[in-house]
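Summary of the model geometry
If you want the building blocks of each chain, they are given just below.
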Amino acid sequence: MGRYALRYGVLAYLSMLLVVPVGMIAYRTFQHGVSPVWDALSSDSATSAIKLSLLIAAIAVPINVVFGIATGWLLARRKMPVPWLVNAIINLPFAMSPVIIGLAVFQLYGRTGWIGQYLFDHQIPVLFTWKAMVIATVFISLPFVVREVVPVLEEIGTDQEQAAEVLGATALQGFFRVTLPAIRWAVVYGTILTVARALGEYGAVNLVSSNIVGQGLTLPLYVDNRVNQLDPTSAYSAGLLLAVISLIILVGMTTLSGRRHRTAEETTA
Amino acid sequence: MSIQCQNVSKSFGDFHALQDVTVEIDSGQLTAVLGPSGGGKSTLLRIIAGLETADSGTVLIEGQDVTHVLARDRGIGFVFQHYAAFTHMTVWENVAFGLKIQKTPKEKIRGRVNDLLNLVHLDGLAKRYPSELSGGQRQRMALARALAVEPGLLLLDEPFGALDVKVRQELRDWLRRLHDEVHTTTIFVTHDQEEAMEIADQIIVINAGRVEQAGTPDTLYDRPANQFVMGFLGPVTQLGDRMVRPHDIRVSTQPEAGAQEAVVDRLTSLGFETRIVARPTNNGSPVTVQLTRNQINELNLQVGSRVYLSTYPTAQQVSMPA
Amino acid sequence: MLYLSLLVGLPVAALISLSADSTAWSAVYHDAHTRTVLEFTFAVSLAVAVLNSITGVALAWVLVRDDFPGKRIVNALIDLPFALPTIVAGLVLLTLYGPTKPVGLNVAGTRVGVLFALLFVSLPFVVRAVQPVLLTLEREVEDAAACLGAKQWTIFWRIILPAIRPAALTGATLAFARVMGEFGSVVLISGNIPRTEIASQVIFNDVENGAPAQAAVVGIILLGTALVVFVLLGLLMRRWTRHG
C-alpha cells in the first residue's frame, strides 16, 4: 500500500508543480479563442521580440557550438596548463546567477568598463543594443556543448583518430570524417540545450537590454513587459509560444538521450 | 620494405619504455615482437608507425630516414589491438576509408574493397556496422582496412589479444597464409610465445625496454642468449647451477658420474607425458623433469624413488648467475 | 583558451574589480533591506534544498522502482523546468497560484509564492542525480535484505539511503546554488514587494538605480557562498568515498 501512496503522492506533487500550471497557461491563452492570440503574436512589438530572440540565438548558438567542440576537443585531447581552472571557467556560467552574469557584461561594456571605454571613444554602441545581449547569451549558454562533448570524446579514445591518421588522413580530415561523426549526437544534444537557454534567457539579457518595446525586447522580456503592462493576452500568447518551443526541445532531449547511450555502447563494444 | 631502428629510446615521464633499442627487419618477412606486457614492444611498433616519436635514435624504412615523417606519409598499414573500427561507418566504408582519402577513382575503390572483403571472408557483411560484428570479424575488417591502401609495411599491435582461444588460432593460421600470399613486410606484437613461434619468420624478444635477442624461432629456442629468453620461450628448470628444459634432463635409477642424486617428490600425469618433481639430496632447489609415460614405466618411478639426474649432451643450458 | 578568458574571464574580472570598493561594502552592510533580503535568500534556498532532497528522492524512487502507465512521459516531464524559460515558469505559477485563484490559492506577493517558484525551477537536480545511482543499485540487495526479514522502512534507511546519500546531497547543493541566484521565475510572482525580494532582484534594482558597485558586492557574496558550499560538498564527498 505504501508504494501506491508514494506513487500517487509523487504524481500529485508533480502535477501541482508542473503539469497543471503549464496546462493552465494554455487554457488562459486560448480562453477567448484563437484569433486574439494570433493578433497578439502578429503585433509589431511581438514580431520584433520574436525576431530579436531568433537573431540572438542565430548568432550565439553557432558560436557556442563551434567553440564548444573546439574547447571540448582541447580539454579531452590536449594537456591543459591548469585543467581545473579551465574546467572551473567553463562551468562558471552554471554556478553564477544570470543577473550577476548580466552585471559582469554590463560592467565590462559599460561606459566606464575596460572594453566599454574604448567602444565609447570610438562611438561603437554595444551596451543596451542587441550586441550586448548576444554577448550575455553566449556567456550564459557556453557550458552546454563542452560538457556534452568531453565525456564522449574521452570514452571513444584516440584509436579511431590514429587509425585514420595511419590510413593517410590529415588531422582535419580525421576530425571531420571520424571524430565529428562519432560525437555527433553529443553535439546535437548540447546544441539543443544551448538553443533552449539562448531563447529562454531572461535575467542576463534584461540587465544589458534597452528594454524598449519593439526594439530591445526578446520574447522572455516581452512576456515580463506585457504582464507589467496588464496585457495578459499578449503575455500568455508569447509565454505559450516559448512553452511550446521548450516542449519541442524536451521531446528532442528525450529521444536523443536514448540515442546518446546507444552510441556509447557501440563505441565500447 | 626493410626497417631499421637505431638506438631508439623513449620515456613516458620516469618510465623508460625503450632504452637504446636497435633492430633490423628484412623485407618481406613476418616478424614477431615478443615480450611481457609493459616491456616496450607496443611502443616500438608505434614508433615505427609514426604514432609515437622517439626521444632519440632514428627509424629507417628502406634505408630512408623517416624519424620525422608523419604517420600518414609512411605508407603503412596498422591494426590496433581493440580494432579501432570507425563505429559510424559500415564495414564497406571502413575498408574504403583509406582509398577515399587518397582520392582513388570510385570504380577502383569498389573493385579493391570487394576483393579485400572477399579475402577476409566478409563479403556478405559489407553493409553491417562494426557493432553488429563479432570480435574476430571486426579484427578481419580492421586487417582489410589496413591492407586497402596497399601498404609496404603491415604493423599489428597484439592483433588477436582480445579474442577467444579458438578464434585466435584461426586468425593466426589465416595471417600466416595471408602473408605467404601477399608477402608484405609484417611486424606483429604479441606476448604469446606460442603465437610468435608458430607463425613468425623472425622473433625479436623485448623486455624492460631492451632487446634481449633477435633471430629465427629455432635460434631463439635452441640458443637462447640469456636466462630471460630461455625462460620466456618455454618451460625451464634448474639443475645445479644451470638452467635447462625439463625434457632435456636424463633420468637414471643407477648412479652415474656427474649425475645429481635426488628423490622423487611428486608425479603428475598430463596425458601421454608425465611431469616429476625431484628433490636433490644436496638440498638444492627442486627439479622438474618431463618424461613420457613409457619412460616412467620402464624406470618404474614412484614417489620416494631415488634417481640420478643429468643432462643430455645436446641439451640447451644457460649458466645461472652467481 | 584566449576565447574563454576573453568571454568569461574578463567580465568576471570586471565584476570583481567593481566590487573592490569599501564604500559599496559598507553601504551593503548598513542597508537593512539588503541584509533582510540576503537572510531570506539563504533561508529559502536552504528550505528548497531540503524539500527537494525529500521530493527528489521520492520521485527518483518511483521512476526507477515503480511501474505505471505513462511513466516515460512523467520521466520526460522532470526536465521541463530546465527547458522552460524561467520567465514562463514565473508566468505559469502566477496564472495558477496568482490573484485569479483558479485553485483557490493566491500566493502572489508572498514568500510562499517565491518558494513555489524556486521549487519549480530546481525540481530536476536531485531527481537526475539520484536516478542513475538507484538504477545501478541492485534490486537483489533490497530483495536480500527483505529475505533477511527487514521491513520496507528498514530497507530504505539501512540500504537505499546510504547508497544514494552522496548523489542526493550533490543534487541538493546544485539546487541550492541555482536557486540562490534565481531571478526570472520569481520576478512575476514576488510582485515587486520588498518583503519577497531575493538577492538577484536586489542586484537588478541596484543596477537600475545606478549603484552597480553595490550590486557587484551582493553578487560577490552570492558567488562566495556558492563557492563555500561547493568546497564543503567536495570535502564531504571525499570523506564519504574514503569510507565507502
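Quick caveat, the model's predicted, so the values are computed rather than measured.

Overview of the overall build of chain C
- A tally of helices and strands in chain C yields 12 helices and zero strands.
- Reading the helices (α) and strands (β) of chain C from amino to carboxyl end gives α-α-α-α-α-α-α-α-α-α-α-α.
- Along the first, second and third principal axes, the C-alpha set of chain C runs to 65 × 50 × 35 Å.
- Expressed as a percentage of its 244 residues, the buried residues of chain C come to 52%.

Quick look at the overall build of chain A
- Along the backbone of chain A there are 14 helices and zero strands.
- For chain A, the succession of helices and strands along the chain, N to C, is α-α-α-α-α-α-α-α-α-α-α-α-α-α.
- If one aligns the C-alpha atoms of chain A with their principal axes, the spans along those axes are about 70 × 65 × 35 Å.
- Taking all 269 residues of chain A together, the buried fraction comes to 54%.
- Excluding contacts between residues fewer than 6 apart, the proportion of contacts in chain A whose partners are at least 24 apart in sequence is 74%.
- Summed over its atoms, the accessible surface of chain A is roughly 11900 Å², and 66% of this surface lies on carbon and sulfur atoms.
- Of note, chain A has its 17 positive side-chain charges centred 3 Å away from the centre of its 14 negative side-chain charges.

Considerations on the arrangement of the chains
- Out of two pairs of chains that touch, the pair holding the most contacts is chains A and C.
- A gap remains between chain B and chain C, which never touch, and the nearest two C-alpha atoms on either side lie 24 Å apart.

Focus: helix α7 (residues 130-140) of chain A
- A large share of α7(A) lies buried, amounting to nine of its 11 residues.
- Three or more residues of α7(A) are buried, namely A132(A), M133(A), V134(A), I135(A), A136(A), T137(A), V138(A), F139(A) and I140(A).

A closer look at helix α9 (residues 159-166) of chain A
All names here are of chain A.
- Here α9 lies mainly inside the structure; six of its eight residues are buried.
- Of the residues making up α9, those classed as buried are Q160, E161, Q162, A163, A164 and V166.
- The positive-phi residue at the C-terminal boundary of α9 is G168, with phi of around 100 degrees.

Brief notes about the domain arrangement of chain A
Residue and element names in this part refer to chain A.
- Domain assignment breaks chain A into domain 1 (1-31) and domain 2 (43-268).
- A straight line from the C-alpha centre of domain 1 to that of domain 2 covers 31 Å.
- In this assembly, five residues from domain 1 lie in contact with four residues from domain 2.
- When residues of domain 1 are sorted by the area they lose upon contact with domain 2, I25, R28 and T29 head the list and together hold 78% of the total.
- Between the two partners, domain 1 and domain 2, sit zero salt bridges.
- A per-class count over the side of domain 1 that touches domain 2 returns three nonpolar, one polar and one charged.

Some thoughts on the sheet that holds strand β14 (residues 260-270) of chain B
Residue and element names in this part refer to chain B.
- Pairing is antiparallel across the open sheet formed by five strands, whose spatial order is β13-β17-β14-β15-β16. Sheet topology places β13 (249-252) and β16 (287-292) at the edges, where each strand pairs with a single neighbour. Averaged over all pairs of adjacent strands, the angle between their axes in this sheet comes to 45 degrees, without regard to strand direction.
- Two strands pair when backbone bridges link them, and β14 and strand β17 (residues 306-311) are joined in this way by four bridges, in the antiparallel orientation. The partner of V263 across the bridge, within β17, is R306.

With respect to the interface of chain A and chain C
- Counting residues at the interface gives 64 residues for chain A, matched by 65 residues for chain C.
- Between chain A and chain C lies a buried interface of about 5900 Å² when both sides are counted; carbon and sulfur atoms form 83% of it.
- Taken together, the links from chain A to chain C amount to one salt bridge.
- Two residues, R7(A) and D66(C), come together in a salt bridge whose shortest N-O distance is 2.7 Å.
- Counting every contact that joins chain A to chain C gives five residue pairs in polar contact (both at pLDDT 80 or more).

Some thoughts on the environment of A89(C)
All names here are of chain C.
- Within the secondary structure layout, A89 lies in helix α6 (residues 86-97).
- Residue A89 is classed as buried on the basis of its relative accessible area, which comes to 1%.
- When the C-alpha atoms of A89 and S22 are compared, they prove to be 37 Å apart, with 67 residues separating the residues in sequence.
- The residues touching A89, leaving out its near neighbours within four places in the chain, are L84, F120, V121 and S185.

Describing a positive patch on the surface
- Together, R177(A), K100(B), K103(B) and K106(B) line one region of the surface with positive charge.
- Taking the relative accessible area as the measure of exposure, K100(B) reaches 35% and is therefore partly exposed.

Brief notes about the nonpolar core
- Judged by nonpolar contacts, the single largest core of 151 residues is most densely connected at L103(A), V130(C) and L134(C).
- Among the elements that take part in this core, helix α3 (residues 32-65) of chain C stands out by supplying 14 residues, more than any other.
- When residues of this core are assigned to domains, at least three map to each of domain 1 (1-31) and domain 2 (43-268) of chain A.
- If near-sequence neighbours (up to four positions away) are discounted, L103(A) is found in contact with L207(A), L15(C), L18(C), I203(C), V207(C), P212(C), A215(C) and A216(C).

Description of the pairing of strand β4 (residues 56-61) of chain B
Residue and element names in this part refer to chain B.
- Alignment of strand β1 (residues 3-12) against β4, held across five bridges, turns out to be antiparallel. The partner of C5 across the bridge, within β4, is V59.
- Bridge count for β4 against strand β5 (residues 64-65) is two bridges, and the pairing is antiparallel. Paired with I61 across the strands is Q64, a residue of β5.
- Connecting β4 to the next strand, β5, in antiparallel fashion are two residues, including E62 with a positive phi near 55 degrees.

Describing the pairing of strand β8 (residues 185-190) of chain B
Residues and elements named next belong to chain B.
- Counting buried positions along β8 yields six of six residues, so the element is predominantly enclosed.
- Of the two faces of β8, the one holding T185, I187 and V189 and the one holding T186, F188 and T190 are both buried throughout.
- As paired strands, strand β7 (residues 153-157) and β8 are joined by five bridges and run parallel to one another. By the bridge assignment, D157 is partnered in β8 with V189.
- Handedness of the crossover joining β7 and β8 through helix α5 (residues 165-182): right-handed.

Parameters and conventions
- Residues numbered from 1 in each chain as written.
- Chains lettered and ligands numbered in written order.
- Predicted model: local features only at pLDDT ≥ 70, side-chain atom pairs only at ≥ 80, totals over all residues.
- Heavy atoms only, no water.
- Helix = DSSP H or I, 4+ residues; strand = E, 2+ residues; numbered from the N terminus.
- Buried < 20%, exposed > 50% of the residue type's maximum accessible area, 1.4 Å probe, protein only.
- Contact = heavy atoms within 4.5 Å.
- Areas by Shrake-Rupley, 256 points an atom, 1.4 Å probe, with all protein chains shown as cover.
- Lys, Arg positive; Asp, Glu negative; His and termini not counted.
- Charge placed at Lys NZ, Arg CZ, Asp CG, Glu CD.
- Domains from an automatic or database assignment.
- Buried area = accessible area lost by both parts, 1.4 Å probe.
- Salt bridge = Lys/Arg side-chain N within 4 Å of Asp/Glu carboxyl O.
- Nonpolar A, V, L, I, M, F, W, Y, C, P; charged D, E, K, R; others polar.
- Pairing = 2+ DSSP bridges.
- Axes fitted to C-alpha atoms, helices over the stretch in contact; angles between N-to-C directions.
- Polar contact = N/O pair within 3.5 Å; in protein donor to acceptor, adjacent residues only side chain to side chain.
- Patch = residues over 30% accessible without salt bridge, like charges linked within 9 Å, V, L, I, M, F, W, Y side chains within 5 Å.
- Core = buried A, V, L, I, M, F, W, Y, C linked by side-chain atoms within 4.5 Å.
- Right-handed = clockwise from strand over helix to strand, strands pointing away.

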